[in-house]
Structure formats: structure tokens, C-alpha cells
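Below, each chain spelled out in residue letters.
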Amino acid sequence: MSDTAAAPSPLQAAIVRVTPFEQNCTLIWDETTKVGAVVDPGGDLDRIERGIKEAGITVEKILLTHGHIDHAGGAADLRDRLGVKIEGPHKNDAVLLDALEKQGEMYGIPDVRNVTPDRWLDEGDTVTVAGHTFEIFHCPGHSPGSVVFFNRAQRFALVGDVIFRGSIGRTDFAYGDHEALISSIKTKLLPLGDDIAFICGHGSPSQFGHERQTNPFLV
């Protein structure tokens, strides 16, 4: 486990970097109850389980921001290991989740399984983690079914590969749409407020205000 990135107490978060793509699998939990979730378990499940043990948490669910292999490649196996359900992403990413095994062959990543979540998510839905509510924003562009998890009470978001510190998600993959991605960011995320802190799928956390002012794809 590395790069602890704490949201305002009592909701805590820590990053476990996984896969050759250095993806930020994120653990989020309630500091009081030690109950939480795993976000985007792309692979390296032993490393993720060590992170869970180090944090001392009980995982109640798995959340997926989208269907690319570095985010969802280990979801089916982790669901089996932990005996929990998977929520997300939007159903438009079914085409990606149904092809995870092919993605694994393409990138030379073994032991990848296709996965169907227990619950698809859509704009306006909510997800709870240890009693904390996350609003769902459907933000297509990087993938057709990408979703963002937003905790309004603690001004914190999990954005997957929609936006990064200083960059945005790639749109040159199959099903990518640059205009849709920029629209998702500008019409759904930035209006939430400059103070919103976020953890993204790769690299360091940031805030929407910082990206509004400095991100070359947005200014």
C-alpha cells in the first residue's frame, strides 16, 4: 500500500498501485467502523489484499469506474475471494467487461476473467460505503460507461480515468470520444466546485479547481 490519500475524516482512502499500467486501485473506508470498499481492482490481488490487511478494514463491496483491464481485470476473482458484490460501472461498458479476457491476451496479462457487475450504475444513482453516500455521474468519453463517485458531504470524488492531474483520459481507444469526455468534465464535474478533491485512476490526486485553472485540456 502506498501514497495514503486521506479524504476528510471519517472517510479515509489509500492507493494500492497495481498492474503494469500503475493503476490506482483505491481502498476507501470509514475510520470509525473500518468498513469500506475496493475501487477498481485491476489485478495484483495479493497486493490489494495486503493493503486491506494493513488498513485493517472489512470490505463490503467492490466499485468499478469503468471496464478497461487495468481497472476491472481482477474484479471477478476479488469478488470470489471476498464474497462481496460489484457495483458499477454504467451498462454501456458491458462491451468492455465482456472482453476482459481478450484484453488480457492483447496486453499479455494472464488470469483475467470477464465480469458482470451485480449492479449497473446510472446518472443520479447513489452508492453507499459504510453508510457514506456517493452520487453517481455518468461521464462517457474515455469509455462509454465511465462513472464518477462523488461524496458531497466530504467534497471528495473517485474519477477513474475521466480526469487526471494535468491531463484527461485517453480517447484513442475503441469506444473513446474526446468531445464527450470534455463535455462530461466541464458540465458535470467542474460545476461541483473548485474545492473538490479527487483520486484518479493513475498518478497523483488533485482538485477540480487546480485542474480548471491549469489543466491544458481544459483551460
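Attention in this report is confined to the structure presented alongside it. (Residues numbered from 1 in each chain as written. Predicted model: local features only at pLDDT ≥ 70, side-chain atom pairs only at ≥ 80, totals over all residues. Heavy atoms only, no water.)

Our next topic: a nonpolar patch on the surface. Taken together, Phe21, Met106 and Tyr107 make up a surface patch of nonpolar side chains, about 320 Å² in accessible area. Relative to the helices and strands, Tyr107 is located in helix 5 (residues 100-107). Overall, the relative accessible area of 38% leaves Tyr107 in the partly exposed class. (Patch = residues over 30% accessible without salt bridge, like charges linked within 9 Å, V, L, I, M, F, W, Y side chains within 5 Å. Areas by Shrake-Rupley, 256 points an atom, 1.4 Å probe, with all protein chains shown as cover. Salt bridge = Lys/Arg side-chain N within 4 Å of Asp/Glu carboxyl O. Helix = DSSP H or I, 4+ residues; strand = E, 2+ residues; numbered from the N terminus. Buried < 20%, exposed > 50% of the residue type's maximum accessible area, 1.4 Å probe, protein only.)

Looking now at the pairing of strand 3 (residues 35-39). Within strand 3, 4 of the 5 residues are buried, which leaves the element mostly enclosed by the surrounding structure. Of the pairings in the sheet, the one linking strand 2 (residues 23-30) to strand 3 comprises 4 bridges and is antiparallel in character. Looking at the pairing, Leu27 lines up with Val38 of strand 3. As defined by bridge partners, strand 3 adjoins strand 4 (residues 58-63) across 5 bridges and the pair is classed as parallel. In the sheet register, Val38 faces strand 4, and the bridge partner there is Ile62. With helix 1 (residues 45-55) bridging strand 3 and the parallel strand 4, this β-α-β connection has right-handed handedness. (Pairing = 2+ DSSP bridges. Right-handed = clockwise from strand over helix to strand, strands pointing away.)

With 27 residues, the main nonpolar core has Leu27, Val38 and Ile48 as its most contacted residues. When contributions to this core are tallied by element, the ones reaching two or more residues are strand 1 (11-18), strand 2, helix 1, strand 4, helix 2 (69-72) and helix 3 (75-82). In terms of residue count, the dominant contributor to this core is helix 1 (4 residues). Phe137, Phe150, Leu181 and Ile185 belong to the second largest nonpolar core, which has 21 residues in total. (Core = buried A, V, L, I, M, F, W, Y, C linked by side-chain atoms within 4.5 Å.)

By the definition in use, this model includes 14 salt bridges. The salt bridge partner of Asp195 is Arg155, with a shortest N-O separation of 3.0 Å. Taken together, the residues span a long stretch of sequence, with Asp195 in the loop between helix 6 (178-189) and strand 12 (197-200) and Arg155 in the loop between strand 8 (147-151) and strand 9 (156-160) at a distance of 40 residues. A relative accessible area of 40% means that Asp195 is categorised as partly exposed. Taking the relative accessible area as the measure of exposure, Arg155 reaches 27% and is therefore partly exposed. Residues Arg212 and Asp194 are paired through a salt bridge, measuring 2.6 Å at the closest nitrogen-oxygen approach. You can see Arg212 sitting in helix 7 (residues 208-214) and its partner Asp194 sitting in the loop between helix 6 and strand 12, a full 18 residues away along the chain. Relative accessible area serves as the criterion here: at 35%, Asp194 is assigned to the partly exposed category. The structure contains a network of salt bridges with shared partners spanning Asp46, Glu49 and Arg81.

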